Amino acid sequence: MQISPSILSADFANLESELAAISNADWAHVDVMDAHFVPNLTLGLPIVESLLRVSPIPIDCHLMIEDPDRWAPPYAEAGAKSVTFHIEAAKDPVTLARDIRGQGARASMALKPGTAFAPYEELLTEVDMVLVMTVEPGFGGQSFMADQMPKVEQVRQAVRKHGGDIWVQVDGGVSAGTIEQCAEAGADVFVAGSAVYGAHEAASAVDELRELALR
Ligand code: DX5
Ligand code: ZN
């Protein structure tokens, strides 16, 4: 069970200390948005490069961008240990996943709430993680979509059948109130933005979420 706090809800003027505040987490989740694939704009490669220099924990890049085939591998090359692209945006996901892995990172494919998993099951031979979005990508602080749990179960079942070290991540509205149902459905990597950075103490929120996931 791994916790990956999303810095989307952190103070962008103090990202180094915001990363230090979650050093007990497994990953730091960085949401890259391009104002095209999603209607929001966050940050890009130069800032991720700076974050990589100061982060005490590995970086998990979630790319909500058009043309990941072209733009995703540089994040792996820069040193992000996990790089997630959206399957809806990828033109050639097999080559893309191989490019990411070739740079020494874990390759991951993300599914928006309206995207079914079945057509992409065969890609499990190419990826190290599947991200099941539990909100429409674009913004932090949205309500958790419990109707995505059957998809998490479906992915977990397929991963079990397939074998190998493939993780199942959930992202969006994950909190103390929703993490247990995600774990029960089969998720093992949990992204939480507002539930961590909106808490009184980010590190305690990380510990609490991990405990709940392990229940
Ligand atoms: C949404 C992002 C999430 C977001 C989650 O598009 O992918 O990572 O930061 O924020 P919360 O946990 O507040 O829903
Ligand atoms: Zn995300």
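For every chain, the first residue of its written sequence is number 1, and the numbers climb from 1 along that sequence. Ligands are numbered from 1 and chains lettered from A, in the order in which they are written. Restriction of local features to residues with pLDDT of at least 70 applies here, the model being predicted, together with a cutoff of 80 or more for giving and counting side-chain atom pairs; totals for whole chains, interfaces and linings are based on all residues.

Student: I'd like a description of the site of ligand 1, backed by residues and values.
Tutor: Being near a molecule or strand means, for a residue, that its backbone-placed C-beta atom lies within 6 Å of it. The immediate surroundings of ligand 1 are formed by 22 residues, with Ser-6, Leu-8, Gly-140, Gly-193 and Ser-194 found nearest. Elements with a contribution of two residues or more to the shell around ligand 1: strand S2 (28-33), strand S8 (189-192) and helix H8 (194-197). Classification used: nonpolar for Ala, Val, Leu, Ile, Met, Phe, Trp, Tyr, Cys and Pro, charged for Asp, Glu, Lys and Arg, polar for all others including Gly. Along the lines of polarity and charge, the residues of the shell around ligand 1 split into eight nonpolar, 12 polar and two charged. Each helix is a run of H or I in the DSSP string that is no shorter than four residues. Each strand is a run of E no shorter than two, and both are numbered from the N terminus.

Student: Describe the confidence of the model for the chain, with residues and values.
Tutor: Per-residue confidence from the prediction method is given by pLDDT, with values spanning 0 to 100. Across the chain, the average pLDDT comes to 98, with 100% of residues at 70 or higher. Quick note on the complex model: pTM equals 0.98, ipTM equals 0.99.

Student: Which residues make up the UniProt feature "active site" (unreviewed entry) in the chain, and what values do they have?
Tutor: Mapped onto the present numbering, the UniProt feature "active site" (unreviewed entry) falls at Asp-31 and Asp-171. These annotated residues cover 141 residues of sequence, but their C-alpha atoms sit close together, with the largest distance between any two at 10.6 Å. Position of Asp-31 among the secondary structure elements: in strand S2. Classification of Asp-31 by C-beta neighbours within 10 Å gives buried; the count is 25. UniProt positions are given in the numbering used here, feature names are shortened, and annotations may be inferred rather than shown by experiment. Each residue is classed by its C-beta neighbour count within 10 Å, where at least 20 other C-beta atoms makes it buried, 12 or fewer makes it exposed, and intermediate counts make it partly exposed; the C-beta atoms are placed from backbone geometry.

Student: Account for the pairing of strand S3 (residues 59-64), naming residues and giving values.
Tutor: Counting buried residues along S3, six of its six residues qualify, which places the element largely inside the surrounding structure. Residues Ile-59, Cys-61 and Leu-63 of S3 are buried on one face, and the alternating residues Asp-60, His-62 and Met-64, pointing to the opposite face, are buried as well. One ladder, built from six bridges, connects S2 with S3; its direction is parallel. Of the residues in S3, the one forming a bridge with Val-30 is Cys-61. For two strands to be treated as a pair, DSSP must find at least two bridges joining them. Inspection of the sheet shows S3 paired to strand S4 (residues 82-86) by four bridges, in the parallel sense. Note that in S4 the partner of Leu-63 across the bridge is Phe-85.

Student: So what's going on with the UniProt feature "binding site: substrate" (unreviewed entry) in the chain? Residues and values would help.
Tutor: UniProt annotation of "binding site: substrate" (unreviewed entry) refers to Ser-6, His-62, Gly-138, Phe-139, Gly-140, Gly-141, Asp-171, Gly-172, Gly-173, Gly-193 and Ser-194 when read in the numbering used here. Mapped onto the elements, Gly-138 comes out in the loop between strand S6 (129-133) and helix H6 (149-162). Judged by the 18 C-beta atoms lying within 10 Å of it, Gly-138 is partly exposed. We call two residues in contact when their backbone-placed C-beta atoms lie within 7 Å. Those residues in contact with Gly-138 that lie beyond four places of it in its chain are Met-33, Val-38, Pro-39 and Asn-40.

Student: If you had to explain the environment of Leu-51 to someone new, which residues and values would you point to?
Tutor: Among the structural elements, Leu-51 can be located in helix H2 (residues 45-54). Residue class for Leu-51 comes out buried when judged on the 22 C-beta atoms lying within 10 Å of it. For the pair Leu-51 and Val-30, spaced 21 residues apart in sequence, the C-alpha to C-alpha distance is 9.3 Å. Here Leu-51 is in contact with Leu-15, Leu-19, Val-30 and Ile-59, once residues within four sequence places are set aside.

Student: I'd love a proper account of the nonpolar core, names of residues and values included.
Tutor: The nonpolar side chains of a soluble globular protein tend to be buried, and buried together. Formed by 71 residues in total, the largest nonpolar core has its most connected members in Val-83 and Phe-190. Ignoring any residue separated from it by four or fewer positions in sequence, one finds Val-83 in contact with Cys-61, Leu-63, Ala-72, Tyr-75, Ala-76, Ile-100, Ala-105, Ala-107 and Ser-108. Nonpolar core, as used here: buried Ala, Val, Leu, Ile, Met, Phe, Trp, Tyr and Cys residues forming one set through C-beta atoms within 7 Å.

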